[in-house]
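So the chains spell out like this:
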Amino acid sequence: MEILNLFPTPIGVKYYNINAVKNKVEPFFEELFSEENETKSTFNLLKRTGKTIEKIYDVMKRDVNEYAEKVNAGSEFDVDSSWIFINEELEPHHHAIVPIVSCFYISANEIDADKNIGPISFIDPRNGVNLFTRNLVGNHPGGKGDSAYFIGKSKHEFVPKTGMMLIFPGYASHYVKKNISNNNRILIGANWERKVDLDKLDKSLEQTPKATPISGYNIQNQNISLKKYIETHLKR
């Protein structure tokens with residue numbers, strides 16, 4: 001009998017040896033985290049200037065586009081938003097408004113099996129699945145995510161390690177446990193969106209037979225190109 005594992009959730013995992021620079025980089029991100037404490041989830045970290053940020057951005061972008069190519073996601077991707085989390089505990093959530101999400105652990109475990117650092121757990125996205133399931137009601141002290149809603153849902157967890165990169169589709173629900181270890185868990189997270197060639201989009205819309213309102217832009221009453229329209233509104 002042949003078993004076909006259909007419709008998997010592709011999660012990319014890669015490890016970098018950054019222990020040599022961790023002690024230099026960690027204070028830098030702790031200072032940034034402190035500066036942006038009120039908006040740490042919204043400011044676009046990877047669009048800042050500076051050698052450290054730019055190098056991390058290049059690495060993350062390269063890996064995301066390698067992932068996109070391997071899962072046949074198509075176009076080139078660039079960062080949409082990015083942030084720092086230090087020791088944050090997160091309720092179950094997803095990023096379904098974007099195609100791809102990535103997490104890069106700047107500082108975490110030195111011991112692979114130390115789950116006290118706070119694993120990140122991915123929940124089976126398929127509704128109604130109850131075969132081969134595990135009970136999520138759980139064992140982690142003070143943990144979020146272990147609620148009755150997820151009883152019977154299977155999960156897969158990753159124990160963070162310094163230099164670990166995770167890349168996954170935006171629809172993949174996940175949650176993060178509390179860090180009760182003696183090490184900081186510093187994470188750079190990012191949402192990634194397809195790069196749009198606005199010139200090609202303009203040409204395509206010129207051939208559109210019917211008017212289609214696009215966020216206030218009406219093709220039929222086209223006084224400026226869609227490219228100019230979008231660029232103007234992005235500056236607001």
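Here the structure is a predicted model, which means the values were calculated and not measured.

Read from one edge of the open sheet, five strands run 1-7-4-9-2, paired in antiparallel fashion. Only two strands of the sheet have a single partner each, and these edge strands are strand 1 (12-15) and strand 2 (77-86). Across the sheet, the axes of successive neighbouring strands diverge by a mean angle of 15°, strand direction being ignored. Taken together, the five bridges between strand 4 (residues 100-107) and strand 7 (residues 164-169) define a ladder with antiparallel strand orientation. Paired with Val-101 across the two strands is Phe-168, which belongs to strand 7.

The strand order 3-8-5-6 describes an open sheet built from four strands, whose pairing is antiparallel. Every interior strand has two partners, whereas the edge strands, strand 3 (90-93) and strand 6 (155-158), have only one. The mean inter-strand angle of the sheet, taken between neighbouring strand axes irrespective of direction, is 15°.

Judged by nonpolar contacts, the single largest core of 29 residues is most densely connected at Phe-29, Leu-46, Met-60 and Trp-192. Elements that contribute at least two residues to this core include exactly helix 1 (19-35), helix 2 (51-70), strand 2, strand 4, strand 7 and strand 9 (186-194). Of all the elements, helix 2 adds the most residues to this core, at eight residues. The residues contacting Leu-46, other than those within four sequence positions of it, are Ile-53, Ile-56, Tyr-57, Met-60, Val-79, Ser-82, Ile-188, Ala-190 and Trp-192. Of all hydrophobic cores here, the second largest spans 19 residues; its members include Val-101, Cys-103, Tyr-105 and Val-159.

There is a patch of nonpolar side chains on the surface, built from Leu-4, Leu-6 and Phe-7 and spanning about 400 Å² of accessible area. Structurally, Leu-4 is set in the segment before strand 1. For Leu-4, a relative accessible area of 56% gives the class exposed.

Applying the stated criterion across every chain yields a total of eight salt bridges. Of the charged contacts, one joins Lys-14 and Glu-66 as a salt bridge, the two residues approaching to 3.9 Å between their closest N and O atoms. Taken as a pair, Lys-14 in strand 1 and Glu-66 in helix 2 lie far apart in primary sequence, 52 residues in all. Here Lys-14 falls in the partly exposed class, since its relative accessible area comes to 30%. Of the charged contacts in the structure, one is a salt bridge between Lys-47 and Asp-78, with a shortest N-O distance of 3.6 Å.

About the thresholds
Along every chain, residues carry numbers that run from 1 in the direction the sequence is written. The predicted origin of the model limits local features to residues at a pLDDT of at least 70 and limits the giving and counting of side-chain atom pairs to 80 or more, whereas totals for whole chains, interfaces and linings rest on all residues. Each side-chain value is derived from all of the structure's non-hydrogen atoms; neither hydrogens nor water enter the calculation. Any two strands with at least two DSSP bridges between them are considered paired. Strands are runs of DSSP state E lasting at least 2 residues, helices are runs of H or I lasting at least 4, and numbering of each runs from the N terminus. The axes are straight lines fitted to the C-alpha atoms, using for helices just the contacting stretch, and the angles between their N-to-C directions are given from 0 to 180°. Here, nonpolar core means buried Ala, Val, Leu, Ile, Met, Phe, Trp, Tyr and Cys residues that are tied together by side-chain atoms lying within 4.5 Å of each other. The buried label goes to any residue with under 20% of its type's maximum accessible area, the exposed label to any with over 50%, and the partly exposed label to all in between, with areas taken from a 1.4 Å probe on protein chains only. Any two residues whose heavy atoms approach within 4.5 Å at even a single point are treated as in contact. Each patch is built from salt-bridge-free residues with over 30% relative accessible area, joining like charges within 9 Å and nonpolar side chains (Val, Leu, Ile, Met, Phe, Trp, Tyr) within 5 Å. Only the protein chains shown count as cover for residues, and all accessible areas are computed by the Shrake-Rupley method using a 1.4 Å probe. In what follows, salt bridge is the name for a side-chain nitrogen of Lys or Arg lying within 4 Å of a carboxyl oxygen of Asp or Glu.

These figures capture arrangement, not role.
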